There are 2 protein chains.
Amino acid sequence: MVDTASRTETPATQGNPASEARVAPVPGKAASAPIPVPAAPARPDAPKVDVEALGRQLLGTWADIRLEARERAAHPDLQRIEGQSMPEHRQRVFEQLKILVEHGAVQKAFPKSLGGQDDHGGNIAAFEELVIADPSLQIKSGVQWGLFGAAVLHLGTQSHHERFLPAIMSLEVPGAFAMTETGHGSDVAAIGTTATYDEATEEFVIHTPFRGAWKDYLGNAAVHGQDAVVFAQLITKGVNHGVHAFYVHLRDENGDFLPGIGGEDDGLKGGLNGIDNGRLHFTEVRVPRDYLLNRYGDVAADGTYSSPTQSPGRRFFTMLGTLVQGRVSLDGAATAAAAMALTIAITYGTQRRQFNGASETDEEVLLDYQRHQRRLLPKLATAYAQTFAHDEFLVKFDAVFSGKAASDEDREDLETVAAALKPLSTWHALETLQEAREACGGAGFLAENRLVGLRQDLDIYVTFEGDNNVLLQLVAKRLLTDYSKQFKGAGFGVLARYAVGQAADRALHGSGLRRLGQNLTDLGSTARSVTELRDEETQHELLAGRVEAMIGEIAGRLREARKLPKAEAAAVFNRNQNELIEAARAHAELLQWEAFTRGLAKTTDPATKQVLTWVRDLFGLGLIEQHLAWYLVNGRLSPKRAQAVTAYIDRLLGRLRPHALDLVNAFGYTDAHLRAKIASGAEQERQDEARAYYAEQRRAGTLPVPEKSKSKKR
Amino acid sequence: MVDTASRTETPATQGNPASEARVAPVPGKAASAPIPVPAAPARPDAPKVDVEALGRQLLGTWADIRLEARERAAHPDLQRIEGQSMPEHRQRVFEQLKILVEHGAVQKAFPKSLGGQDDHGGNIAAFEELVIADPSLQIKSGVQWGLFGAAVLHLGTQSHHERFLPAIMSLEVPGAFAMTETGHGSDVAAIGTTATYDEATEEFVIHTPFRGAWKDYLGNAAVHGQDAVVFAQLITKGVNHGVHAFYVHLRDENGDFLPGIGGEDDGLKGGLNGIDNGRLHFTEVRVPRDYLLNRYGDVAADGTYSSPTQSPGRRFFTMLGTLVQGRVSLDGAATAAAAMALTIAITYGTQRRQFNGASETDEEVLLDYQRHQRRLLPKLATAYAQTFAHDEFLVKFDAVFSGKAASDEDREDLETVAAALKPLSTWHALETLQEAREACGGAGFLAENRLVGLRQDLDIYVTFEGDNNVLLQLVAKRLLTDYSKQFKGAGFGVLARYAVGQAADRALHGSGLRRLGQNLTDLGSTARSVTELRDEETQHELLAGRVEAMIGEIAGRLREARKLPKAEAAAVFNRNQNELIEAARAHAELLQWEAFTRGLAKTTDPATKQVLTWVRDLFGLGLIEQHLAWYLVNGRLSPKRAQAVTAYIDRLLGRLRPHALDLVNAFGYTDAHLRAKIASGAEQERQDEARAYYAEQRRAGTLPVPEKSKSKKR
């Protein structure tokens, strides 16, 4: 017979009151709530996260601005309506831009003299939060004010600011940022569009010489753009001075293209269909000389070119560097999307039950399964690392753009950090959104639960504003340059000493001496291995050591290639390309780990700090586990200690399980932000109702006897 | 000055004429084609793939049926129109089902007596190819004939076949397969819907007791379904005999729900929006006694239950086993989608150019970059492995369902293979579609290039017809059972000998003895390591040895848990869950590798066989590289040999590069199947035009001088 007495008592719901603040009170809900359901068991002495304090820390340097922006993003008028047709969605987002203007939400980065606030960091912080409302709104705003407007601001000079910015800021003139061409995306220097100076009329002639040079994928180009900043090869007196930006009028007051201008709609995309991406081409379109945005290069009336920056290469990178904010904001928005996805999937994972293992009558909560923890909690740890890294990144950005720390080196550092962090966080967002969607099963596939829509929109983040692979290669090149600087001007003595050092290092690591040493120490003691692995210094040494060793090894191989003819040298570089990109990724991971560790140092509440230390360890050891083969091959970890990495991760997952809900709640998203039915408490209600139904049947003795029990005559 | 003479000569396009058959002739195109563009250089003695012969081999056992189905899928009437609204798309797919009926394309699996062909393998082969036209069409057909119809066929008996199948086959009665509930997906045994027998009226009362027991995510439920097969707990005389299937009428001739039946539309989804998924619930809906599909269990008029299968557990799995064809077909369709994605991305990768490395004037073709090869070619190798594995799988399925080999063991094997292969191929499809989309940059994000749409539609394949993680756990359990059978009835002697064997094995591998042995042999000889690694037997031993060792180790840990109380035993199992699932994945990878190797043995053309051997090696070594840490920790590979794995993969990528286009063309998809503008030759035209433009400017001396050249006074 069935034990009808079981499960009549249930422990109280675990977690802080703050953890439940997210669920808005529903009339009559409290009265009908039948049986409180236990979260995973935690020992009574387990630490308790201060969700509110942790939440404040996660909001970072521009906390107030973020909170204000989130309040705005919670408003339905700014949110996406699922299932709208492309034209409806485009129009809606365009109208939403006007609401942002009315709220004064988008002018922070512009000069005070024009009604802005000269607040670069705060501007990006607010802008990132728009992803909550609709990624199309975020990116369309980015096109208008972060690209089109910012190009006028950063590449133009006083007169351009006065002439063009007010109408851009107010959205009176929507515009496109016409840089990418069908034939050239990440390699901007090679675009085909030309701007040839005509001394006779003192005009530039903008021209598209072939189909591959059509401007493409431009937001605002298909429908709304009246003007554009067009990037083209500046040619005067028979010399090509490289890529420069020009202000160009696209459409008349009826929305028709002006003479010489044509285009196409890019049509439906995999996501972001609230943005009217399109193509543009120019047939000898003439613009006045002073439509050249001339901060970094100018042409006199007689056609003489001048620039404050002599080297064309440096000039190009300086111009492009002013547009780094796109990458900054994608890092922040991608992190926010991952955090929302984890909030949805982990909330659902603490309510949804499936299969009974430990009990005859009760099914397990999904997040109690080890595999489910493995799928979600390491991604939660990464989202935390990214949150800390992003805030530091934004502080650095603000320092450069406010002029507080704007040396060439600061700018270069900022660009390298941007090229390192944006790829990792955007890829991580896609992986997390997908894992979250799968972790919610069929429910995750419904548009009403938001995961699929966010993933579709975020997809393009990994290739726009710089293709992730190309960006990581830039990082690797910078690492190689820094590495070679160690030897700049060094005599033979230094190089020889270095070579000896390298050889000794290889002998120590590569031949397994250190590994064998570990074997002796570790023998039979996983506990001792674990103690070492959770040590901050050990984690840092392992992560940093890998970057250094990888770069050192590649540099060694490339050094010999320098003497080779260009084609052969390129071939040697190409044979190392994959490893170079992996080295850059290792560097970016180290940056994230370091930022997390600095953030952890600032956490004051001891219990929160304890839990956060586990999260950081899960992040650090998760990275080491991903690259375990490298550590083994290079003698940095003994097989014994390598096994301890996985064993300790498994232990951390169990420890973090009871805190998972607190950790996602600390991100601070309300139901109005998440708008996912399965994370609204609906699943909990369904589970409670089903359990109450069976409990009542058992109590009343009306539950049919299972055939199995009957046949076994129990 | 610029060298205007460079690059006026270009070698002829490489590749077989067959490689170009895909591009349909365009009027006037041949005349305007300017400069033929070289593929990657291949040594003159390099082998040449016989694309046509390889293509025939890839089509597999049901080649003719596939070709016929592909011809059908090439017809625009059966294809998706991008950008349709959900209602339009649903209606279009519904109309397309009628076209399939007219073509006699969907009745192969049904009995000859009813106008079918009793051809189970051929039916699935044809069905899979529908994914080319529109995955919504594939899955909607699957709902109607593969689930709804197949349930009547396999779970019902003669009278059900005669009464219901003709109208199902002709689509006169569209229907739903009402198994999954909001609260229970993969755990079908625990569904809440009840069917209680009422002796007084000789009816079953179908009832939904709570919200979580609503049927959910059912294709045909929201709009088109008139009838359904409903799964419910069969209760008679106070005993629950477990899940059984019932035929139920849902809607009247006006499309309104019949009394007691209600439902909801699931609304917009992440993909497959041509299918009207919805929810159903039943309030004491009465159906006649003979609406029970009674092949595996019946209820007499007096309420007495009878079944040919005594064990309720076995009965349940037998019933569900008849529905394995869903998993078979998803494996095939997912493999087809991956193959299409690779055809699109690799075709584009051989035409698109970006950045110039080796030359001043010429940009590199994307697929010549090592990283690009690393991103796409291993996935191509996996798609090949899956293609071979799928054909064997389908042959096995056909043998079981035709009765040629239908023992309990055959059925169990088939289900295990299904549970192993479906997860890997569906996940691989998503990864490949995503990598292909990224490899095509912004163009990959446009709906017109198909990658995003296919990915959105295929997303749900990883969690429907059995969640991938749940399926892999089933595989692992089967592996554990097989493992423990070795000891069934064994006396103490056998177990002791086994324990000694295990210990010896661990000493040999675990303590590094074998690894050190490798060290001695390998010292300084990567060549020797590579020779070993490309040996078929070595690859097999490494892959199979890993599965055996993982299962053996987990079994050892679980054996001790058997004596524990249920809850503690479940906890021990849970602590091994992640590793169990990884072991199942390793097993599935081994199945794929073995199938690939058997396929390779049948390839006759020596050059094709050479190239295909490289592909198989890339697949095998790619798997070993993914799990390299395991091989190192467990002493199966020395660090030296582990490095050789990666080195040899890099070498294989270079070797396969010149054959990449042939290898994707062998999949045999025409432009009418791919329908991706970037893979249609448009990119090649753009590249040719751009190159011709610059060549002409150089020839005429009108190309502006780069500022850099000028300032350097070159």
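The name given to chain A in an unreviewed UniProt entry is acyl-CoA oxidase, with the source organism recorded as Agromyces agglutinans. UniProt's Subcellular location (unreviewed entry) comment on chain A is quoted here verbatim: "Peroxisome".

Caption draft 1: Summary view of the sheet that holds strand β7 (residues 261-265) of chain A. Residues and elements named next belong to chain A. With antiparallel pairing, three strands are arranged side by side in an open sheet as β4-β8-β7. Unpaired on one side and paired on the other, β4 (215-218) and β7 mark the two borders of the sheet. Adjacent strand axes in the sheet meet at a mean angle of 20° when their direction is disregarded. Relative to strand β8 (residues 278-282), β4 is paired through two bridges, and the arrangement is antiparallel. Paired with L218 across the strands is G278, a residue of β8.

Caption draft 2: Molecular detail of the UniProt feature "domain: Acyl-CoA dehydrogenase/oxidase N-terminal" (unreviewed entry) in chain A. UniProt tags residues 94-171 of chain A as "domain: Acyl-CoA dehydrogenase/oxidase N-terminal" (unreviewed entry). Overall, residues 94-171 of chain A shows 65% helix and 0% strand. The separation of its end C-alpha atoms is 10 Å.

Caption draft 3: Quick peek at the nonpolar core. Ranked by internal contacts, the top residues of the largest apolar core, which has 401 residues, are F246 and A337 of chain A together with F246 and A337 of chain B. Two domains each donate at least three residues to this core, and these are domain 1 (63-321) and domain 2 (325-354 + 367-491 + 498-665) of chain B. Residues in contact with F246 of chain A, not counting those within four places in the same chain, are A195, F204, I206, V230, A232, V287, Y291, L292 and L293 of chain A.

Caption draft 4: Structural detail: the UniProt feature "domain: Acyl-CoA oxidase C-alpha1" (unreviewed entry) in chain A. Here the UniProt-annotated "domain: Acyl-CoA oxidase C-alpha1" (unreviewed entry) positions come out as residues 321-480 of chain A. The span residues 321-480 of chain A is 72% helix and 0% strand, and its two end C-alpha atoms sit 20 Å from each other.

Caption draft 5: Structural detail: the interface of chain A and chain B. Chain A puts 83 residues into the contact, and the matching count from chain B is 83 residues. With seven residues, helix α20 (residues 566-575) of chain A is the single largest residue contributor to the side of chain A that touches chain B. The class makeup of the residues in the side of chain A that touches chain B is 34 nonpolar, 30 polar and 19 charged.

Caption draft 6: Summary view of the confidence of the model for chain A. All names here are of chain A. In the predicted model, chain A carries a mean pLDDT of 89, and 87% of its residues have values of at least 70. Note on residues 1-21: pLDDT under 50 across the span, and 38 contacts to partners over four residues away in sequence or across chains. Across residues 510-517, where pLDDT falls below 50, the model places 12 contacts with residues more than four positions away in sequence or in other chains. Scoring the predicted complex yields pTM 0.92 and, for the interface, ipTM 0.92.

Caption draft 7: Region of the structure containing the packing of helix α10 (residues 325-349) of chain B against helix α12 (residues 408-439) of chain B. Residues and elements named next belong to chain B. α12 packs onto α10 with a crossing angle of 20° between their chain directions and a minimal axis gap of 8 Å. Put simply, α10 runs roughly parallel to α12. Two packed elements cross with a definite hand, and for α10 against α12 that hand is left-handed. By residue class, the composition of the contact of α10 with α12 is 15 nonpolar, six polar and three charged.

Caption draft 8: Examining the pairing of strand β3 (residues 203-207) of chain A more closely. All names here are of chain A. As defined by bridge partners, strand β2 (residues 194-198) adjoins β3 across five bridges and the pair is classed as antiparallel. Across the sheet, the residue bridging to T194 is H207, located in β3. Between the antiparallel neighbours β2 and β3 lie four residues, among them E202 with a positive phi of about 55°. Here β3 runs beside strand β9 (residues 285-288); their pairing, made up of four bridges, is antiparallel. Opposite I206, over in β9, you have V285 as the bridge partner.

About the criteria used
- Residues numbered from 1 in each chain as written.
- Chains lettered and ligands numbered in written order.
- Predicted model: local features only at pLDDT ≥ 70, side-chain atom pairs only at ≥ 80, totals over all residues.
- UniProt positions renumbered as here; feature names shortened; annotations may be inferred.
- Pairing = 2+ DSSP bridges.
- Helix = DSSP H or I, 4+ residues; strand = E, 2+ residues; numbered from the N terminus.
- Axes fitted to C-alpha atoms, helices over the stretch in contact; angles between N-to-C directions.
- Core = buried A, V, L, I, M, F, W, Y, C linked by C-beta atoms within 7 Å.
- Buried ≥ 20, exposed ≤ 12 C-beta atoms within 10 Å, placed from the backbone.
- Domains from an automatic or database assignment.
- Contact = placed C-beta atoms within 7 Å.
- Nonpolar A, V, L, I, M, F, W, Y, C, P; charged D, E, K, R; others polar.
- pLDDT = per-residue confidence, 0-100.
- Parallel < 35°, antiparallel > 145°, perpendicular 65-115°, else oblique.
- Left-handed = near helix turned anticlockwise from the far one by under 90°.

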